[in-house]
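Below are the chains, spelled out letter by letter.
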There are 2 protein chains.
Amino acid sequence: MRSVSIIGVGMTPFGVFPELSIRDLASEAGRRCLENGKVAPGYVQAFYLGNFAGPSFVGQNHLAPYIASALGLHGVPATRFEAACASSGSAFFHAFSAVAGGIHELALVVGVEKMTSQSTARTTDILAAAGDMSGEVKAGATFPSLFAMIARRHMYQYGTTREHLAAVAVKNHANGAKNPLAHMRKPITMEQALESRMIAEPLGLYDCSLISDGASAVLLGPSDLAREFTDKPVCIRGVAQASDYLALDQKEDITTFPAVTTAARQAYQMAGVGPKRIDFAELHDCFTIAEIIALEDLGFAEPGCGGPMTLEGRTGPGGDKPVNTSGGLKSKGHPVGATGVAQLCEVANQLRGECGERQLKKANVGLAQNLGGSGATAVVTILSA
Amino acid sequence: MRSVSIIGVGMTPFGVFPELSIRDLASEAGRRCLENGKVAPGYVQAFYLGNFAGPSFVGQNHLAPYIASALGLHGVPATRFEAACASSGSAFFHAFSAVAGGIHELALVVGVEKMTSQSTARTTDILAAAGDMSGEVKAGATFPSLFAMIARRHMYQYGTTREHLAAVAVKNHANGAKNPLAHMRKPITMEQALESRMIAEPLGLYDCSLISDGASAVLLGPSDLAREFTDKPVCIRGVAQASDYLALDQKEDITTFPAVTTAARQAYQMAGVGPKRIDFAELHDCFTIAEIIALEDLGFAEPGCGGPMTLEGRTGPGGDKPVNTSGGLKSKGHPVGATGVAQLCEVANQLRGECGERQLKKANVGLAQNLGGSGATAVVTILSA
């Protein structure tokens, strides 16, 4: 395996864009990424598209060649990867593998989802199809209720409180307010978070991420080639994808995600670093409880200690382990298929020192963790400047 | 890149199976494949699922970990690949790339589709989403009508006749009658084919492939490891995936598929053989005209000569270039996501001499060609014993 680097990154704003099609969004992110990497479309040898539910949200399937051709990538292998909310993380993992294995030189990865053209009820149904339809979903579960059960168990087992959850929301909204591409640039107070209307107890409105339109892109190439295109290549030190059962009732312990611990172990090993060497991270906060569990599964906190760590401010921009400087899924937004690659854009931009108002002082090694469903897919990536 | 071989193959019957879920079908093909390759699930390092429209046909998304966990493949990367009717061909291409590049050792590829639980009208809509919904489909095109336009143009340009098309159907039905796993084991006459009711002129009922449930699987590994598991490894000599525009109106010439010619050129180059060295092939006969064009795009016939070549019997089991001994999509059936890998199962079984009544005498080098939509994706694979 050869060393692989990120050469370019690109994102659209996340938000509600009724005037833009899914192809408009994905193409715009791809174009921004190619411009950022100073690479003409003709040099790209393979196209990887992360998309969860284009057919259900906008009625269009076979999206990869549809978008590749709009970007001017003619003839190249163009494939859609679906792994629920980890769709573009998975596309990235496979693109990395192909470049590392010498199959392709330059590979473009785009993540996209256009969610806001459907009603909330229909959107909830489309998202529920990432769970076990024949079991938990048939029994009435939606993703807020699945993560509510996870949160309840975490509270029971470790004493996690609603204040711990709210601290995640307050921090991520404060961060997102500084991100020009974020969907909801609105700081909130602890009181607002705690008093927001209940969605699925104990999760209130501010414990849930946003339903957004948006797209993201990264361009990969062998590290020895990367410097020919950019002065600021970002090295992919480690990346791994892992899986687990879809249904919560098949898991032994719902306060931890084995797919995350497995992928993290492999990514740390590949990178030759442990959790202490990670300066900052983008974590998959689809619900506030998910960020707390991610802190624990990645080894940033002992089991049960993710909540207190957050409430103490240690994951804030001035803390010892800043998390979700982008605003996270909570405030930046969560266009499902775009999320994994959007996390990588933020980590890469921090490593490059290009995050403006939200730039961290110490940003040498960063991590991104992308979760699919209630933990059946996980992708963990470690990047360094 | 290291040499990669197919270690095991497995398929379910293709047909109408109201009692089996999509997970039942996919797991059954996977189990048969692992048994065929004499490999325990615990040795499989990555899972590749080809599926076109599970969320639309059966309401379940995030299918890869759902099926992987049912097969006892715990923790491994499990990913769904979607490329319309070339979904499992594409999954196979990516599995090959990962094994060839040294990322994984043993990789299991499963293709699956469960189509018959929907009405014909709804099925037509779901399939249409592989075309350009904002253009040709909005204007009223369905896949039969798109391929009807392709056939009309081929007739106009080259003098192809309805007898040429019917000859494809008659041959593939005769072949499929000898395949115990085929959906429709019914030989038909030239008269039946010509007199069948019109679906989209000039394509009659027998010019169209079947709507089926089914699943298929292949297990891959490095060639130097393959012989530890099986006495009959099948070498992957070349494989390539390519793309093109989704919409017919964006193509310069609709009587040829550039994605196929591109993928074929690359696969031939990788294999170090040309079309003359191919003993037999499984071609993507979603409609009879598609098999005729495939003969031409792959270099088995000059442009315009695919029809006469078929009518002369040269693609029959006794001809110089036998095509679709399995019965093809026409008679074996076309559970969309299962088709690409099912083609590989037939080619591998021919190379192994395990095709029973339909076994070819000369089967040293075989080719499979898998097409997505009206040619926006193509995967071409060359195998040898």
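Residues numbered from 1 in each chain as written. Chains lettered and ligands numbered in written order. Predicted model: local features only at pLDDT ≥ 70, side-chain atom pairs only at ≥ 80, totals over all residues. Heavy atoms only, no water.

## Quick word on the overall build of chain A
- Per the secondary structure count, chain A includes 14 helices and 11 strands.
- Computed over its C-alpha atoms, the radius of gyration of chain A comes to 19 Å, within 12% of the 21 Å expected for a compact globule of 385 residues.
- Dimensions of chain A along its principal axes, counting C-alpha atoms only, are 55 × 45 × 35 Å.
- Burial statistics for chain A: of 385 residues in total, 67% are counted as buried.
- Residue pairs at least 24 apart in sequence account for 78% of intrachain contacts in chain A once pairs closer than 6 positions are excluded.
- Accessible surface, chain A: about 12,100 Å² in total, of which carbon and sulfur atoms supply 52%.
- Computing the positive centroid from 32 side-chain charges and the negative centroid from 35, chain A places the two 4 Å apart. (Helix = DSSP H or I, 4+ residues; strand = E, 2+ residues; numbered from the N terminus. Rg over C-alpha atoms; globule rule 2.2 N^0.38 Å. Buried < 20%, exposed > 50% of the residue type's maximum accessible area, 1.4 Å probe, protein only. Contact = heavy atoms within 4.5 Å. Areas by Shrake-Rupley, 256 points an atom, 1.4 Å probe, with all protein chains shown as cover. Lys, Arg positive; Asp, Glu negative; His and termini not counted. Charge placed at Lys NZ, Arg CZ, Asp CG, Glu CD.)

## Describing the interface of chain A and chain B
- Facing 52 residues of chain A, the contacting portion of chain B comprises 52 residues.
- Taken over both partners, the interface formed by chain A and chain B buries close to 3,800 Å², and the fraction arising from carbon and sulfur atoms is 52%.
- Among the residues chain A hides against chain B, the three largest losses belong to His62, Glu82 and Ser243 of chain A. Together they make up 17% of the total.
- A salt bridge links Glu82 of chain B to Arg80 of chain A; the nearest nitrogen and oxygen atoms lie 3.1 Å apart.
- Our count for the chain A to chain B interface comes out at 32 residue pairs in polar contact (both at pLDDT 80 or more).
- Taken together, the elements giving at least two residues each to the side of chain A that touches chain B come down to α2 (54-58), α3 (63-70), β3 (78-82), α4 (87-100) and β8 (234-243) of chain A. (Buried area = accessible area lost by both parts, 1.4 Å probe. Salt bridge = Lys/Arg side-chain N within 4 Å of Asp/Glu carboxyl O. Polar contact = N/O pair within 3.5 Å; in protein donor to acceptor, adjacent residues only side chain to side chain.)

## Focus on the environment of Ala259 of chain B
All names here are of chain B.
- Position of Ala259 among the secondary structure elements: in helix α10 (residues 258-271).
- Along the sequence, Ala259 and Val380 sit 121 residues apart, while their C-alpha atoms lie 9.7 Å from each other.
- The contact partners of Ala259, leaving out residues within four places of it in the chain, are Ala242, Ser243, Asp244, Gly375, Thr377 and Ala378.

## Looking at helix α3 (residues 63-70) of chain B
Residue and element names in this part refer to chain B.
- The buried fraction of α3 amounts to seven of the eight residues, a majority that puts the element mostly inside the structure.
- Taken together, the buried positions of α3 are occupied by Leu63, Ala64, Pro65, Tyr66, Ile67, Ala68 and Ser69.
- Taken from the residues just after α3, Gly72 is the one with a positive phi, measuring 80°.

## A word on the relation of the copies chain A and chain B
- Turning chain A through 180° and shifting it by 0.0 Å along the axis lays it on chain B, with an RMSD of 0.0 Å. Interpreted geometrically, this transformation is the action of a two-fold axis. When C-alpha distances to the rotation axis are compared across chain A, the minimum falls at Gly101 of chain A, with a value of 1.8 Å.
- Take the interface residues of chain A: 100% of them recur as interface residues in chain B, which is what a same-surface contact looks like. (Least-squares fit on C-alpha atoms with pLDDT ≥ 70 in both.)

## Things to note about helix α5 (residues 120-128) of chain A
- Listing the buried residues of α5 of chain A in full gives Thr123, Ile126 and Ala128 of chain A.
- Where α5 of chain A is buried, its residues meet α2 and α6 (143-158) of chain A.

## With respect to unusual backbone geometry
All names here are of chain A.
- Between Glu201 and the following residue, Pro202, the backbone shows a cis peptide bond with an omega angle of 5°.
- Assignment of secondary structure puts Pro202 in the loop between β5 (198-200) and β6 (203-204).
- The backbone of Lys38 sits at a positive phi, close to 55°, despite the residue not being glycine.
- Here Lys38 lies in the loop between α1 (22-36) and β2 (46-50).
- Positive phi, normally seen in glycine, also occurs at Asn324, with a value near 60°.

## A closer look at the pattern of salt bridges
- Tallied over the entire structure, the rule returns 26 salt bridges over all chains.
- Salt-bridge contacts for Arg314 of chain A lead to Asp320 of chain A; the nearest nitrogen and oxygen are separated by 3.0 Å.
- On the accessibility criterion, Arg314 of chain A (32% relative accessible area) is partly exposed.
- Using a relative accessible area of 46% as the deciding quantity, one classes Asp320 of chain A as partly exposed.
- With a shortest N-O distance of 3.8 Å, Lys251 of chain B and Asp244 of chain B are connected by a salt bridge. Each member of the pair, Lys251 of chain B as well as Asp244 of chain B, carries the same accessibility label: buried.
- Through salt bridges with shared partners, a single network forms among Glu28, Arg31 and Arg32 of chain A.

## Focus on the nonpolar core
- Val218 and Leu220 of chain A together with Val218 and Leu220 of chain B are the most contacted members of the largest nonpolar core, which has 76 residues in total.
- Not counting chain neighbours up to four residues away, the residues in contact with Val218 of chain B comprise Ile6, Gly8, Val9, Cys33, Phe92, Ala107, Leu108, Val109, Val341, Leu344 and Cys345 of chain B. (Core = buried A, V, L, I, M, F, W, Y, C linked by side-chain atoms within 4.5 Å.)

## Brief notes about the pairing of strand β1 (residues 4-11) of chain B
Residue and element names in this part refer to chain B.
- Burial within β1 is extensive, with eight of its eight residues counted as buried.
- Inspection of the sheet shows β1 paired to strand β7 (residues 213-222) by seven bridges, in the antiparallel sense. Bridging across to β7, Gly10 finds its partner in Ala217. (Pairing = 2+ DSSP bridges.)

## Quick notes on the packing of aromatic side chains
- The full count for this structure, using the stated rule, is nine aromatic pairs over all chains.
- Ring centres 4.9 Å apart and planes at 25° place the aromatic pair Phe147 of chain B and Phe287 of chain B in the stacked group. In this pair, Phe147 of chain B is assigned in helix α6 (residues 143-158) and Phe287 of chain B in the loop between β9 (280-282) and α11 (288-297), connecting sequence segments 140 residues apart. Both residues of the pair, Phe147 of chain B and Phe287 of chain B, count as buried.
- Taken together, the ring pairs connect Tyr48 and Phe81 of chain A together with Tyr48 and Phe81 of chain B into an aromatic cluster.
- When the ring centre of Tyr66 of chain A is taken as origin, the NZ or CZ atom of Arg23 of chain A, which lies over that ring, is 3.9 Å away. (Phe/Tyr/Trp six-rings, centres within 6.5 Å; stacked < 30°, edge-to-face > 60°. Lys NZ or Arg CZ within 6 Å of the ring centre and 35° of its normal.)

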